[in-house]
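Examining the three-dimensional arrangement
Here is what each chain is made of, one letter per residue.
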Amino acid sequence: MSLFTSLFLLKAICKLTYKTDSGSDRGTAYYFRNLLNYRNVKGEVKNAYRAYKMLYYCIFDAICCSLFLKEFNIQDMDEPFSFLKDFEKASSEEKIIWLEDACAKVVDKYFFEGCIDIMEKLRSIVTDIQHPENYWISNLANGRVHCHHCEKTYKYVGSLKSHENQVHNVDIKMPSSKPLKVSDELNGYLMLLFKLVILHKNLDTAVDMADGERSVKSSKFELPIYNKTNKTKYAIGSIHLIAMTEGLLNEEQTERLKANRFVNMQGGINNNLALDEFVEILNRDSKVTCSGFQTKESIIAHSQEFPHLINIAKHFDHMCGITARKGFHHLPSYTEDVKKVVKELFDINAFSLIDGRKISSKNLYCNKSIYEESFCGLSTLILRHRPTVLYHRLRNKHV
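What you are looking at is a predicted structure, and each value in this text was computed from that prediction instead of being measured.

Rules of the game
Residues numbered from 1 in each chain as written. Predicted model: local features only at pLDDT ≥ 70, side-chain atom pairs only at ≥ 80, totals over all residues. Heavy atoms only, no water. Patch = residues over 30% accessible without salt bridge, like charges linked within 9 Å, V, L, I, M, F, W, Y side chains within 5 Å. Areas by Shrake-Rupley, 256 points an atom, 1.4 Å probe, with all protein chains shown as cover. Salt bridge = Lys/Arg side-chain N within 4 Å of Asp/Glu carboxyl O. Helix = DSSP H or I, 4+ residues; strand = E, 2+ residues; numbered from the N terminus. Buried < 20%, exposed > 50% of the residue type's maximum accessible area, 1.4 Å probe, protein only. Core = buried A, V, L, I, M, F, W, Y, C linked by side-chain atoms within 4.5 Å. Contact = heavy atoms within 4.5 Å. Polar contact = N/O pair within 3.5 Å; in protein donor to acceptor, adjacent residues only side chain to side chain. pLDDT = per-residue confidence, 0-100. Axes fitted to C-alpha atoms, helices over the stretch in contact; angles between N-to-C directions. Parallel < 35°, antiparallel > 145°, perpendicular 65-115°, else oblique. Left-handed = near helix turned anticlockwise from the far one by under 90°.

What to know about a nonpolar patch on the surface
On the surface, Leu 309, Ile 312, Phe 316 and Met 319 cluster together into a nonpolar patch covering about 410 Å² of accessible area. Every element with two or more residues in the nonpolar patch is listed here: α12 (296-314) and α13 (316-319). Summarising the element assignment, Met 319 is placed in helix α13. The exposed category is assigned to Met 319, whose relative accessible area is 55%.

Following this line, the structure appears as structure tokens:
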């Protein structure tokens, strides 16, 4: 069973929101990349994951600051801010409660948009057998699909389509997968980016904290995003993970699967790594070690050397007589970069709806209601790849 890291989700986010032809559009991710001079953000996401993540986190923090200030009618970070009455005299718990309530209002207004379930419409389409999206698989029974107009049955959906089209003149027009037009493309784009990066940050934090429960729940929100961006392999992995934790595994096995998804290589809290990311690191090192032309004898020799190299890397400090840890890895501070982005967002009035505001790049996704447009092919994908046997990817080839 393949596990998932935030890398895959970030690749899907970049496919929707990062295009190199949007450098002239103020407010886009590539525009901020140039504004902040993040020159290491280039190429494929998998080859510069940390750089892409820092760029998106910088923009995300700036959006959060802007929305937070907007709730208090403040248009400039230098303006005086009125906190809770007698804020300085309040206890630490009271300050935290006030801050959490203020942040909760922002999240409810701009992420959930007042809805309890942001995937309610998507779920209703996927589960509605009368919807045109589910027409061809609605009569699937005993491994065969039944005609809607006669008693004939077929082994494959394609055969049923041909039969109903030729014999019964059935022409089902499937819903369009093209994004709907929005009146303010920049606002819709930034709100979409805000929603997507929240999901990424939630997953990234869950991995750091080794919170298996939260990372599994995150896959439910990721699945429609993977389907929308045609990341089929990741979508199938999400389907398998959800299916196993929601019914295939017993309670004890489910708990073990959720708990054993991470590894801590350096000790300390919040320093965990997803197991699949760790395996990818080992695969990369193995490929570097065995690069070029290899014979059977050289491959065996390298395979015997590799464990010793890992052992040396782990115990290098001890072998050199270093008894105390000399340094810690910290994420670089990007406070000044966040301030620049906040100023830019205020200058372009990014979070006010302006009818007719366009983005010149035609490749960016500009509709914040992405869950309402990610249903195309999703029910068929789920039915085709829903597992029936534990830890086996046996697709239903009839669908």
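That covers the picture; the talk isn't over yet.
Concerning the nonpolar core
Tyr 18, Tyr 56, Ile 63 and Leu 345 are the most contacted members of the largest nonpolar core, which has 83 residues in total. Per element, the largest residue contribution to this core is 15 residues, and it comes from helix α3 (residues 49-71). Once you skip the residues sitting within four places of it in the chain, Tyr 56 turns out to touch Leu 10, Ile 13, Cys 14, Thr 17, Tyr 18, Ala 29, Leu 193 and Val 197. In terms of nonpolar packing, the next biggest core, distinct from the first, is built from eight residues, Trp 136, Val 145, Cys 147 and Leu 160 among them.

A few points about the pattern of salt bridges
Applying the stated criterion to the full structure yields 16 salt bridges. Close ionic contact of Lys 46 with Glu 44 constitutes a salt bridge, the shortest N to O distance being 3.6 Å. For Glu 44, a relative accessible area of 47% corresponds to the partly exposed category. Lys 339 is paired through a salt bridge with Glu 336; the nearest N and O atoms lie 3.8 Å apart.

Digging into the side chain of Thr 229
Position of Thr 229 among the secondary structure elements: in the loop between α8 (212-228) and α9 (232-248). Take Thr 229: its relative accessible area is 2%, and that puts it in the buried class. A polar contact of 3.4 Å, which involves the side chain of Thr 229, links it to the backbone oxygen of Tyr 226. Apart from residues no more than four positions distant in its own chain, Thr 229 is found in contact with Ala 12, Lys 15 and Leu 16.

Observations concerning the environment of Asp 285
Mapped onto the fold, Asp 285 is located in helix α11 (residues 275-289). Judged by its relative accessible area of 27%, Asp 285 falls in the partly exposed class. As a C-alpha pair, Asp 285 and Thr 127 span 158 residues in sequence and 45 Å in three-dimensional space.

Regarding the confidence of the model for the protein
Interpreting fine coordinate detail is not advised for predicted regions of low pLDDT. Averaged over all residues, the pLDDT of the protein equals 84, while 93% of them reach at least 70. The least confident element of the protein is α13, whose mean pLDDT is 74; the most confident is helix α2 (residues 29-35), at 94.

Let's talk about the packing of helix α7 (residues 185-208) against α8
The interhelical angle for the contact between α7 and α8, taken along N-to-C directions, is 150°, at an axis separation of 9 Å. Between α7 and α8, the angle is such that the two are roughly antiparallel. Crossing angle aside, the handedness with which α7 passes α8 is left-handed. Along the contact surface, α7 presents Leu 196, Leu 199, Asn 202, Leu 203, Thr 205 and Ala 206, while α8 presents Arg 214, Ser 215, Ser 218, Phe 221, Glu 222 and Ile 225.

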